[in-house]
Amino acid sequence: MNEILKIEGLSKTFTKKGFFSSNTDTVKAVNDVTFSLDEGEILAIAGQSGSGKSTIAKLILRAIEPDSGKIYFSGKEISSNVQNLKNFRAQCQMVYQDPYDSVNPRMKVSDIINEPLEIHNIGSKEERYQIVLKTLQQVKLEPAKEILEKFPHMLSGGQRQRVVIARALVTNPKVIIADEPVSMLDVSIRGEILELLDEIQKKNNISIIYITHDLATAKFFADKIIILYSGKIVESGFISEVLSNPKHPYTQALIDAISKPDPKNLYKEKNISWKTNS
Ligand code: ADP
Ligand code: MG
């Protein structure tokens, strides 16, 4: 398989101002992280809250600058050169956790999905309209022509996350980074959104980095997994191997967390049932 994305020695330290004193604290949010992603592969990055997952996503997209480390896309290093970055961002799109927060509430669905096409100068006005329509159908928002005219507040959380996914998909990217894409959604619709991402991945042969604190969904979805702890990769490999034979105590702790009969984990059972149904 061809390697599409490669991350090498990525590190980022944040400096936090003390709340009551002038003391400053430093946090090594990401500490010498190296991994690669193959074409068409789904890689889960799993770890507890604060382990550095979102920081890795932001560093890859250069929303923040790394202290050190390199990022390669299709074998070419991504520099901070503006044009280079712009091209990369059309190829590597992000789906954020909060569908309420990641779309502009004043924009119609048509404009939200059309915007990346305009930014990247793709197609004529009429071609863009057709692409937007087709993308809405891909994320199963129908009737597409009606949805196009709606504002975000007129949609449900799940529909809104479909809009966010359509926006990520519309430039025909090679990679999608999904940062806890279902954790803000109602438990009952998490399954269908993950199923949609899975279907899109297969249909378009996209690679996905699936960021989660939840091994149950990772297990359903991903081929490989990286376990992150305090900004460091403590374990990685094929997901079936890592989960059936965890080498690191922290991985075991994450596994124990999903096998507890916690009501919050009920959707795990749901996931299993819709997986076997399909
Ligand atoms: P996760 O996504 O796994 O929950 P994050 O990447 O958001 O973790 O955060 C990793 C660590 O870095 C945490 O300790 C967090 O408080 C810290 N951090 C993240 N972003 C910033 C920032 N902009 N300024 C200061 N500290 C930050
Ligand atoms: Mg996060």
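In the block above lies the structure referred to throughout.
Residues numbered from 1 in each chain as written. Chains lettered and ligands numbered in written order. Predicted model: local features only at pLDDT ≥ 70, side-chain atom pairs only at ≥ 80, totals over all residues. Heavy atoms only, no water.

Caption draft 1: Quick look at helix α2 (residues 82-91). Along α2, the residues classified as buried are Leu 85, Phe 88 and Ala 90. In this fold, the buried residues of α2 make contact with β1 (3-17), α1 (53-60), β4 (68-73) and β6 (92-95). Backbone nitrogen of Gln 83 and a side-chain oxygen of the N-cap are separated by 3.0 Å at the start of α2; the cap is Asn 81. (Buried < 20%, exposed > 50% of the residue type's maximum accessible area, 1.4 Å probe, protein only. Helix = DSSP H or I, 4+ residues; strand = E, 2+ residues; numbered from the N terminus. Contact = heavy atoms within 4.5 Å. Polar contact = N/O pair within 3.5 Å; in protein donor to acceptor, adjacent residues only side chain to side chain.)

Caption draft 2: A look at the packing of helix α3 (residues 109-119) against helix α6 (residues 157-169). With their axes 7 Å apart at the nearest point, α3 and α6 run at an angle of 25 degrees to one another. Looking at the two axes, α3 sits roughly parallel to α6. Here α3 and α6 pass one another in a crossing that is right-handed. Counted together, Val 109, Ile 112, Ile 113, Glu 115 and Pro 116 of α3 and Val 163, Ala 166 and Arg 167 of α6 form the full contact between these two elements. Its residues assigned to classes, the contact of α3 with α6 comprises six nonpolar, no polar and two charged. (Axes fitted to C-alpha atoms, helices over the stretch in contact; angles between N-to-C directions. Parallel < 35°, antiparallel > 145°, perpendicular 65-115°, else oblique. Left-handed = near helix turned anticlockwise from the far one by under 90°. Nonpolar A, V, L, I, M, F, W, Y, C, P; charged D, E, K, R; others polar.)

Caption draft 3: Seen up close, the site of ligand 1. Taken together, Phe 14, Lys 16, Val 27, Ala 29, Gln 48, Ser 49, Gly 50, Ser 51, Gly 52, Lys 53, Ser 54 and Thr 55 are the residues near ligand 1. At a separation of 2.7 Å, an oxygen atom of ligand 1 approaches a polar backbone atom of Gly 50. Taking Lys 53, its side chain carries an N or O atom lying 2.8 Å from an oxygen atom of ligand 1. Coverage of ligand 1 by the protein chains reaches 68% of its 560 Å² of free accessible surface. Where the shell around ligand 1 is concerned, the elements lending two or more residues are β1, β2 (24-38) and α1. Ranked by residues supplied to the shell around ligand 1, first place goes to α1 with three residues. For the shell around ligand 1, the class distribution of residues is three nonpolar, seven polar and two charged. (Near = heavy atom within 4 Å. Areas by Shrake-Rupley, 256 points an atom, 1.4 Å probe, with all protein chains shown as cover.)

Caption draft 4: Broad picture of the environment of Ile 78. Within the secondary structure, Ile 78 sits in the loop between β5 (76-77) and α2. The buried category is assigned to Ile 78, whose relative accessible area is 4%. Spatially, the C-alpha atom of Ile 78 lies 9.1 Å from that of Ile 60, the residues being 18 residues apart in sequence. Excluding its chain neighbours within four sequence positions, the residues that come into contact with Ile 78 are Arg 62, Ile 71, Phe 73, Asn 84, Leu 85 and Phe 88.

Caption draft 5: Just the sheet that holds strand β9 (residues 224-229), in detail. Across the sheet, six strands lie side by side as β6-β7-β8-β3-β9-β10; this open sheet has mixed pairing. Of all the strands in the sheet, the pair left with one neighbour each is β6 and β10 (232-238). Strand-to-strand twist in this sheet, taken as the mean axis angle between neighbours without regard to direction, amounts to 15 degrees. Where β9 meets β10, six bridges bridge the pair, whose relative direction is antiparallel. Residue pairing across strands places Tyr 229 opposite Lys 232, the latter belonging to β10. Lying over the sheet, α1 contacts β3 (42-46), β6, β7 (175-179), β8 (207-212) and β9, oriented at roughly 145 degrees with respect to β8. (Pairing = 2+ DSSP bridges.)

Caption draft 6: Looking closely at helix α7 (residues 187-204). The first and last C-alpha atoms of α7 sit 27 Å apart over 18 residues, in line with the 26 Å expected at 1.5 Å per residue. Of the residues making up α7, those classed as buried are Arg 190, Gly 191, Ile 193, Leu 194, Leu 196, Leu 197, Asp 198, Ile 200 and Gln 201. Looking one or two places after α7, you find Asn 205, whose phi comes out positive at around 50 degrees. (Expected span 1.5 Å × (residues − 1).)

Caption draft 7: Examining the nonpolar core more closely. One finds Leu 136, Val 139, Tyr 210, Leu 215 and Ile 225 to be the most contacted residues of the largest nonpolar core, which totals 53 residues. With six residues, the top contributor of residues to this core is α6. Apart from residues lying up to four places away in sequence, Ile 225 is in contact with Leu 43, Ala 44, Ala 46, Leu 215, Ala 218, Glu 235, Ser 236, Gly 237, Ile 239 and Val 242. Of all hydrophobic cores here, the second largest spans 28 residues; its members include Val 33, Leu 43, Ile 60 and Ile 211. (Core = buried A, V, L, I, M, F, W, Y, C linked by side-chain atoms within 4.5 Å.)

Caption draft 8: Here's a closer look at the environment of Leu 185. Inspection of the secondary structure assignment puts Leu 185 in the loop between β7 and α7. On the basis of relative accessible area, Leu 185 is assigned to the buried category, the value being 4%. When the C-alpha positions of Leu 185 and Asn 87 are compared, they lie 31 Å apart, and in sequence the two are 98 residues distant. The residues contacting Leu 185, other than those within four sequence positions of it, are Pro 99, Gly 157, Gly 158, Gln 161, Arg 190 and Ile 193.

Caption draft 9: Focus on the pattern of salt bridges. Scanning the entire structure with this criterion turns up 12 salt bridges. Here Asp 67 ties to Lys 12 by a salt bridge, and the two come within 4.0 Å at their closest N and O atoms. Taken as a pair, Asp 67 in the loop between α1 and β4 and Lys 12 in strand β1 lie far apart in primary sequence, 55 residues in all. Note on Asp 67: relative accessible area 46%, which makes it partly exposed. Assessed through its relative accessible area of 14%, Lys 12 is described here as buried. Close ionic contact of Glu 118 with Arg 128 constitutes a salt bridge, the shortest N to O distance being 3.8 Å. Here Arg 128 lies in helix α4 (residues 125-138) and Glu 118 lies in helix α3, a separation of 10 residues in the sequence. (Salt bridge = Lys/Arg side-chain N within 4 Å of Asp/Glu carboxyl O.)

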